Amino acid sequence: MKLPFVSRLIALLTLLFTFAGHAAPVYVQAGPGSFNHAALDLLESRQNSTYQRQYSGTPEKTYATAIKETTWAFSALANSTIDGQLVPAIVNAMRNYKVTELGAAVRMPIEMCVFGVDQTSTITHAASHPAALKQIGLWLNTHQLLTIPVPKGTNEAARLLAQGQFQQGTVAVGSCALKSVYPELTLREVGVQDNADNHTLFALMKVEKRPEQISEDQARTALAQVVKQANIQVKTRADSAQVLFSHINQRLAQMQSVALFKAHKHRPIEDLSREAVVLSKALEQARQQCLDTASVEAFFQAQMDAAKAIQYRYRAQWLAEGVPDKDADLVQLRNTLNQLGAAILEVLTHHLAQHGNLTPELGPIFNTELVTANLTEKDKRKLYNALQSVRRSEHCQATG
């Protein structure tokens, strides 16, 4: 099996997303609104690309069509809630097909959403794929609902609901991506899955037909090797993001000392002239490193807003407790902040070039890594939203 390393992955994706100015066709397991749909959305947002999607239903059909058209297949590989994690339908397909190239991997949280025909009707039945129904048992029991298995998939359950094929009081359960496919349905609940740590691993692959069918055990071994390589890609990307998030946390952690200096010198928390200097340096570095300056400015402003919020909270705390009798060196603090600001942009530039844009599935790592005192969850959300928006500049040659 010829699975590329990270360096080959970058070149491969570059070809994939720039050939003739269009993304290559991709044959996708399941249908519109499925979790495969949502995972491919995530990959698109990571790469700033739009795929030519062809939804193909079963894994067998997906792989067969991708081979016929000499292009990519996209499917699930493993799920954290399945015994042994390997997706049974993929194991079965791997008896007849093998992976020759692994283009990209996505490990996505599986969030079950509930859709109805309106927002207020009493719910009596839940329709979904049998596998999905098994993952929402607590929610079903809490609401004492009857189930309607739809073997064709969560998309089919939503389609039937949208067309009025179910009795009154029925909802469809599946990926939140169903909302984009059936806008006439109403999103009633989010996150009804039993396991909060429910993740599925998806992959963009080249496949070929095996000369002859292999055994189920052999297929499991082959699929496990693909999963291993995909997880390495996912971990490499997550590790890169964690380094970036650590630098951001270190910068915010300096705010206690900054607040202390200002308190001792009776200076105001907000210093607009200093903010202008910080932004100017950040934008100059962004231009040198081929980062979009508008998105970098928004991110650094979000950092400074979070920094001020931390300082204000310390100031309020010290009104009651008294200002700590501890010195703070402004020159040293500014040097440290300048160094961390530059490091943040350097690491961010590297991450965007090697791993694509920051996307929502990395949010939990961001929240875990930012442990600075007096930083709220709302602060974190605003900061991560701004960070996700930072982009590389097109047609730019780095000078730094």
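Our structure is the block above this text.
**Q** What am I meant to see in the environment of Leu145 here?
**A** The topology assignment puts Leu145 in the loop between α6 (137-143) and β7 (146-149). Sequence separation of Leu145 and Ala126 is 19 residues, and the distance between their C-alpha atoms is 6.6 Å. Other than its neighbours up to four places away in sequence, Leu145 contacts Ile123, Thr124, His125, Ala126, Trp139 and Leu140.

**Q** Mind showing me how you'd approach helix α11 (residues 272-288) here?
**A** Because each turn of an α-helix spans 3.6 residues, side chains separated by three or four positions in sequence point in the same direction. Taking 1.5 Å of rise per residue, the 17 residues of α11 would be expected to cover 24 Å, and the 24 Å separating its terminal C-alpha atoms lies within 8% of that figure. Listed in full, the buried residues belonging to α11 are Arg274, Glu275, Val278, Leu279, Ala282, Leu283, Gln285 and Ala286. Looking down the long axis of α11, one finds its buried residues gathered within 165° of arc, a one-sided arrangement. Those residues of α11 hidden inside the fold are in contact with α9 (216-253), α12 (293-321) and α13 (330-355). Where α11 terminates, the next one or two residues include Cys290, which has phi positive at roughly 60°.

**Q** Could you clarify how one ought to interpret the nonpolar core in this entry?
**A** Generally speaking, a soluble globular protein has its nonpolar side chains buried in company with each other. Core analysis: the biggest nonpolar cluster contains 59 residues, and Tyr63, Phe74, Leu77, Met108, Trp139 and Met205 have the highest contact counts within it. If one sorts the elements of this core by residue count, strand β4 (residues 97-109) sits on top with 7 residues. Setting aside chain neighbours within four positions, we find Trp139 in contact with Val114, Ala126, Leu145, Val171, Val173, Glu189, Val192 and Asp194. Grouped together as the second largest cluster of nonpolar side chains are 44 residues, Val296, Phe300, Ile344 and Leu375 included.

**Q** In this structure, what is going on with the state of the cysteines? I would like to understand it.
**A** Simply put, the disulfide is a covalent bond whose two ends are the sulfur atoms of two cysteines. Scanning the entire structure with this criterion turns up 2 disulfides. Here Cys113 pairs with Cys176 through a disulfide, and the sulfurs are 1.7 Å apart. On the criterion of sequence distance, the pair formed by Cys113 in strand β5 (residues 112-116) and Cys176 in the loop between β8 (170-175) and α8 (178-181) is long-range, its members being 63 residues apart. Between the sulfur of Cys290 and that of Cys396 lies a disulfide, 2.1 Å long from S to S.

**Q** I'm lost on the side chain of Asn198 in this one. Help?
**A** If you trace the backbone, Asn198 turns up in the loop between β9 (186-190) and β10 (199-209). The buried category is assigned to Asn198, whose relative accessible area is 2%. Of the polar contacts made by the side chain of Asn198, one reaches the side chain of Gln135; its length is 2.4 Å. If sequence neighbours within four positions are ignored, Asn198 has contacts with Asn79, Ser80, Thr81, Met108, Pro109, Ile110 and Gln135.

The rules behind these values
Residues numbered from 1 in each chain as written. Predicted model: local features only at pLDDT ≥ 70, side-chain atom pairs only at ≥ 80, totals over all residues. Heavy atoms only, no water. Helix = DSSP H or I, 4+ residues; strand = E, 2+ residues; numbered from the N terminus. Contact = heavy atoms within 4.5 Å. Expected span 1.5 Å × (residues − 1). Buried < 20%, exposed > 50% of the residue type's maximum accessible area, 1.4 Å probe, protein only. Arc of directions from axis to C-beta. Core = buried A, V, L, I, M, F, W, Y, C linked by side-chain atoms within 4.5 Å. Disulfide = S-S within 2.5 Å. Polar contact = N/O pair within 3.5 Å; in protein donor to acceptor, adjacent residues only side chain to side chain.

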